[in-house]
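Read off the chains here:
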Amino acid sequence: MPKLFRFNAQFGLKDDQRVNQRLREVFGELRFETMKIPLYLTATDFMTGDQVVFSSGSVFDAIRASIAIPFVFKPWRVNERLFVDGSMSDPLPVGVAIKEGAQLIVAIGFDSPYQAEVDSAARFGFQISSIMSNNLLRAKFAFHNLAHHSEVIPVIPNFTQRIRLFDIGKVPYIVEEGERAAEEQLPYLRRVMSIPAPGTQFPDPIRPGKLRSEENPNCRLVDG
């Protein structure tokens, strides 16, 4: 089996050529340094398990490293280091936003799907991975929620349909449920930002110290 599947540090069940091609078409040679809004992408060092935050260099490399789902896509090498999916170290990297000075954090995430049947070595591996990442997600979020470093607003879609890893046809459904979950948080989000609801006007629409929609230098995009 090891000889047949070439088990080594760069093992992956899926051919990543099409994924890499599509990412190249969209992002090309884009670099973090040229982006108007600071962007932070996380991945996990495959050899040490450490979380690594990409905020400079090639956006393509950072994205490809951050989506290197174990067993599915092979780890991605950047500057002599191998990286796998950022969810292996933190599925919802709220801590990165806190470290970068964010006062208000909208955290969007959902559980990794569990396997309906475990009838192969790959499904067994996926099930173990989902168990670990989902428990890590809950533990990390509970810690940040109790620490009160920043205001964290969770947007967690509630999927009633089963969604598997390659259910591309369900993307519209995923977007719809994401929008629904975000809309549920809008009233509270407006209150903490002191932004008036449509049709109303506050004397001071944004309190000092809170995020400003246009000029605040502390606005960040973070993804794992």
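Predicted model, so just to flag it, every value in this text is computed and none were measured. (Residues numbered from 1 in each chain as written. Predicted model: local features only at pLDDT ≥ 70, side-chain atom pairs only at ≥ 80, totals over all residues. Heavy atoms only, no water.)

K.L.:
I'm lost on the overall build of the protein chain in this one. Help?
P.N.:
When helices and strands are counted, the protein chain shows six helices and seven strands. Of the regular secondary structure in the protein chain, the N- to C-terminal order runs α-α-β-β-α-β-β-α-β-α-β-α-β. Across the protein chain, every contact between residues at least 6 apart in sequence was considered, and the portion connecting residues at least 24 apart equals 61%. Carbon together with sulfur atoms contributes 56% to the accessible area of the protein chain, which is approximately 14,400 Å² in total. (Helix = DSSP H or I, 4+ residues; strand = E, 2+ residues; numbered from the N terminus. Contact = heavy atoms within 4.5 Å. Areas by Shrake-Rupley, 256 points an atom, 1.4 Å probe, with all protein chains shown as cover.)

K.L.:
For this particular structure, what's the right way to read the environment of Met 193?
P.N.:
Inspection of the secondary structure assignment puts Met 193 in helix H6 (residues 171-193). Of the residues examined, Met 193 reaches a relative accessible area of 12% and is grouped as buried. Expressed as a C-alpha distance, the spacing of Met 193 and Leu 104, which sit 89 residues apart in the sequence, is 8.5 Å. (Buried < 20%, exposed > 50% of the residue type's maximum accessible area, 1.4 Å probe, protein only.)

K.L.:
How do you make sense of the packing of helix H2 (residues 17-27) against helix H3 (residues 59-66) when you look at a structure like this?
P.N.:
When two helices pack together, their arrangement is given by the angle between the helix axes and the distance between those axes. It is the contact of H2 with H3, at a shortest axis distance of 10 Å, that shows an interaxial angle of 145°. The interaxial crossing formed by H2 with H3 has right-handed handedness. Touching Asn 20, Leu 23, Arg 24 and Phe 27 of H2 are Val 59, Phe 60, Ile 63 and Arg 64, all from H3. Classifying every residue of the contact of H2 with H3 gives five nonpolar, one polar and two charged. (Axes fitted to C-alpha atoms, helices over the stretch in contact; angles between N-to-C directions. Left-handed = near helix turned anticlockwise from the far one by under 90°. Nonpolar A, V, L, I, M, F, W, Y, C, P; charged D, E, K, R; others polar.)

K.L.:
Sorry if this is basic, but what is going on with the confidence of the model for the protein chain here?
P.N.:
Close inspection of predicted coordinates is inappropriate for parts of the model with low pLDDT. With 83% of its residues at a pLDDT of 70 or more, the protein chain has an overall mean of 82. Every residue in residues 202-215 is under pLDDT 50, and counting partners more than four places away or in other chains gives 25 contacts. (pLDDT = per-residue confidence, 0-100.)

K.L.:
Teacher, can you tell me more about the environment of Ser 66 here?
P.N.:
With respect to the element layout, Ser 66 can be found in helix H3. Given a relative accessible area of 4%, Ser 66 falls into the buried group. The spatial distance from the C-alpha of Ser 66 to the C-alpha of Val 52 is 9.5 Å, given a sequence separation of 14 residues. A distance of 2.9 Å separates the side chain of Ser 66 from the backbone oxygen of Ile 63, its partner in a polar contact. (Polar contact = N/O pair within 3.5 Å; in protein donor to acceptor, adjacent residues only side chain to side chain.)

K.L.:
I tried to follow the environment of Val 59 on my own but got confused; where do I start?
P.N.:
Structurally, Val 59 can be placed in helix H3. Counting along the chain gives 30 residues from Val 59 to Glu 29, while the straight-line C-alpha distance between them is 7.6 Å. Setting aside its immediate chain neighbours within four residues, Val 59 contacts Phe 27, Leu 30, Arg 31, Phe 32 and Met 35.

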